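Examination of the molecular architecture
Spelled out, the chains give:
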Amino acid sequence: ELLVGAKGYTDTVVEALTLPGDGTDLERDIVLPPAGSLSGRVLSLAGAPIAGASVRFASTENETSPRASGQGGSRALLAERQRRRSAERTATTHADGAFEFESLNAGPSFRVRVNHPEYQEWRSEPFALAPGARIAGQVYRLRSGGKLLVLVLQPDRSPLSGATVVLQRQRD
């Protein structure tokens, strides 16, 4: 398997590449499709810009791929991880809530996730990104999140210092 990439173009994977065993060279032309872009703003439900939000663009392959769940050989799993990493991008919103991704790999299924400590996570539906596509003006609106205050007590009801509290999100 061969992974080929260049800035401004979509990474391309050439699978089942077999080199001749007779000492001759193997020549292969590889055409890289142009990369895409995605930009927009993250706002509260009231329309206020949200600065400091984490916006993640990633392939949905890791959500459904048997390789991502550990099936398949170790080389196949490593190649799958490399492809996902090359497609994944993270940005932080500016004071006006704006974000921008350039040089995104084109592909059939991506998702955007937006996180901020004061708001609930927002997830897009999966969408395709065509080679060279310029998706602009996206607006992602976040709902305010709640706070969880935890007081860990000893049996005599006095506060217990040094306790570890872990909050985990249940996934659908």
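As shown above, the structure is provided for reference.
Conventions adopted
- Residues numbered from 1 in each chain as written.
- Predicted model: local features only at pLDDT ≥ 70, side-chain atom pairs only at ≥ 80, totals over all residues.
- Heavy atoms only, no water.
- Helix = DSSP H or I, 4+ residues; strand = E, 2+ residues; numbered from the N terminus.
- Buried < 20%, exposed > 50% of the residue type's maximum accessible area, 1.4 Å probe, protein only.
- Contact = heavy atoms within 4.5 Å.
- Areas by Shrake-Rupley, 256 points an atom, 1.4 Å probe, with all protein chains shown as cover.
- Salt bridge = Lys/Arg side-chain N within 4 Å of Asp/Glu carboxyl O.
- Pairing = 2+ DSSP bridges.
- Axes fitted to C-alpha atoms, helices over the stretch in contact; angles between N-to-C directions.

**Points about the overall build of the chain**
The number of helices and strands found in the chain is two helices and 10 strands. If you list the helices and strands of the chain from N to C, you get β-β-β-β-α-α-β-β-β-β-β-β. Taken across its 172 residues, the chain has 28% of its residues classed as buried. For the chain, the share of sequence-separated contacts (at least 6 apart) that also reach a separation of at least 24 residues comes to 62%. Of the roughly 11600 Å² of accessible surface on the chain, a fraction of 49% belongs to carbon and sulfur atoms.

**As for the side chain of Thr-10**
By the element assignment, Thr-10 lies in the loop between strand 1 (2-4) and strand 2 (12-14). Relative accessible area serves as the criterion here: at 6%, Thr-10 is assigned to the buried category. Setting aside residues no more than four positions away along its own chain, Thr-10 makes contact with Val-4, Leu-32, Pro-33, Pro-34, Ala-35, Leu-104, Asn-105 and Ala-106.

**Comments concerning the pattern of salt bridges**
Tallied over the full model, the rule gives one salt bridge. The partner of Glu-88 in a salt bridge is Arg-56, and the shortest N-O contact between them spans 2.9 Å. With Glu-88 in the loop between helix 2 (74-87) and strand 5 (89-92) and Arg-56 in strand 4 (residues 54-59), this residue pair connects regions lying 32 residues apart in the sequence. You can call Glu-88 partly exposed: its relative accessible area is 32%. On the accessibility criterion, Arg-56 (26% relative accessible area) is partly exposed.

**So, unusual backbone geometry**
For residues that are not glycine, phi is negative in most cases, and the peptide bond is trans in most cases. Positioned with a positive phi, Ser-103 is a non-glycine residue whose angle comes to about 55 degrees. Within the secondary structure layout, Ser-103 lies in strand 6 (residues 98-104). Phi is positive for Arg-157, which is not a glycine, with a value near 75 degrees.

**So, the sheet that holds strand 6**
Backbone hydrogen bonds are what pair the strands of a sheet, in a parallel or an antiparallel way. Pairing in this open sheet of three strands is mixed, and the strands run 6-3-10 from one edge to the other. Edge positions in the open sheet fall to strand 6 and strand 10 (134-142), since each of these has one partner strand only. If you compare each strand with its neighbour and ignore which way they point, the axes differ by 20 degrees on average. The pairing of strand 3 (residues 36-44) with strand 10 spans seven bridges and is parallel. Across the sheet, residue Leu-43 finds its bridge partner in strand 10, namely Arg-141.

**Some words on the environment of Thr-164**
The topology assignment puts Thr-164 in the segment after strand 10. Distance from Thr-164 to Val-152, taken between C-alpha atoms, is 9.0 Å for residues 12 residues apart in sequence.

**Here we look at the pairing of strand 4**
Bridge count between strand 4 and strand 5: four bridges; the pairing is antiparallel. Residue pairing for strand 5: Ser-54 is matched across the bridge by Thr-92. Where strand 4 and strand 7 (residues 107-116) come together, six bridges link them in antiparallel fashion. If you follow Arg-56 over to strand 7, its bridge partner there is Arg-113.

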